[in-house]
Amino acid sequence: MGFIANNSSKFLFKDAIYFLESFYRIADIVILTYGLPEFQKYKLQGLEDGGMGTYFKKMIITTRSKVEVIDSFCREQDECVNFFIDDSIAQLYPVVNRR
């Protein structure tokens, strides 16, 4: 797991830094990661260690469906306009179909 934590930037989409740089000052960006908590902690620690933690208002690890967590998170906010970007169709599909 140390390999992933130490090389997490290699696993990012090529335009991820550009996207984060463009939006983190004008929007609250939350990273929501799904899977085994210990593995996800390594991934997030790699982002933190690589200096990317400053882009995120919050980092959430879950083993529940992402749509449940997004709905819960939005209920806690005064205003919640969100964009959902994911590389897993299994997580993206329920978000698209909930409206």
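Every value quoted in this text rests on a predicted model; they were computed, and no experiment measured them.

Caption draft 1: Focus on the overall build of the chain. Each helix and strand in the chain was counted, giving 5 helices and 2 strands. Element order for the chain, N to C, with α for helix and β for strand: α-α-β-α-β-α-α. In the chain, which comprises 99 residues, the share counted as buried stands at 29%. The contacts in the chain between residues at least 6 apart in sequence include a share of 64% that link residues at least 24 apart. Surface exposure of the chain reaches about 7,300 Å², of which carbon and sulfur atoms provide 55%.

Caption draft 2: Seen up close, the pairing of strand 2 (residues 58–62). Where strand 1 (residues 30–34) lies against strand 2, 5 bridges are found, and the strand directions are parallel. The residue of strand 2 that forms the bridge with Val 30 is Lys 58. At this point the chain moves from strand 1, through helix 3 (residues 37–49), to the parallel strand 2, and the crossover so formed is right-handed.

Caption draft 3: The side chain of Thr 33, seen in detail. Relative to the helices and strands, Thr 33 is located in strand 1. Reaching out from Thr 33, the side chain makes a polar contact with the side chain of Gln 40 at a distance of 2.2 Å. Ignoring anything within four residues of it in the chain, the contact list for Thr 33 reads Gln 40, Lys 43, Leu 44, Ile 60, Ile 61, Thr 62 and Lys 66.

Caption draft 4: Broad picture of the pattern of salt bridges. Under the defined criterion, the tally for this structure stands at 4 salt bridges. In this structure, the salt-bridge partner of Arg 25 is Glu 21, at a minimum N-O distance of 3.9 Å. Taking the relative accessible area as the measure of exposure, Glu 21 reaches 35% and is therefore partly exposed. Residue Glu 68 pairs with Arg 64 through a salt bridge whose shortest N-O separation is 3.9 Å.

Cut-offs used in this document
- Here the residue numbers are simple positions, counted from 1 along each chain's written sequence.
- Restriction of local features to residues with pLDDT of at least 70 applies here, the model being predicted, together with a cutoff of 80 or more for giving and counting side-chain atom pairs; totals for whole chains, interfaces and linings are based on all residues.
- Hydrogens and waters are ignored; side-chain quantities use all the structure's heavy atoms.
- Going along the chain from the N terminus, every DSSP run of H or I of four or more residues is numbered as a helix, and every run of E of two or more is numbered as a strand.
- Buried, partly exposed and exposed residues are distinguished by accessible area as a fraction of the type maximum, computed with a 1.4 Å probe on protein chains only: under 20%, between the cut-offs, and over 50%, respectively.
- Contacts are assigned to residue pairs that have any heavy atoms within 4.5 Å of one another.
- For the accessible areas, the method is Shrake-Rupley and the probe is 1.4 Å, while residue cover comes only from the protein chains on display.
- By the convention used here, strands pair only if DSSP detects at least 2 bridges between them.
- By convention, a crossover is right-handed whenever its connection, traced from the first strand over the helix to the second and viewed with the strands pointing away, goes clockwise.
- N or O atoms closer than or at 3.5 Å make up a polar contact, with two conditions inside protein: a donor-capable atom paired with an acceptor-capable one, and, for residues adjacent in sequence, both atoms drawn from side chains.
- One speaks of a salt bridge when a side-chain nitrogen belonging to Lys or Arg is within 4 Å of a carboxyl oxygen belonging to Asp or Glu.

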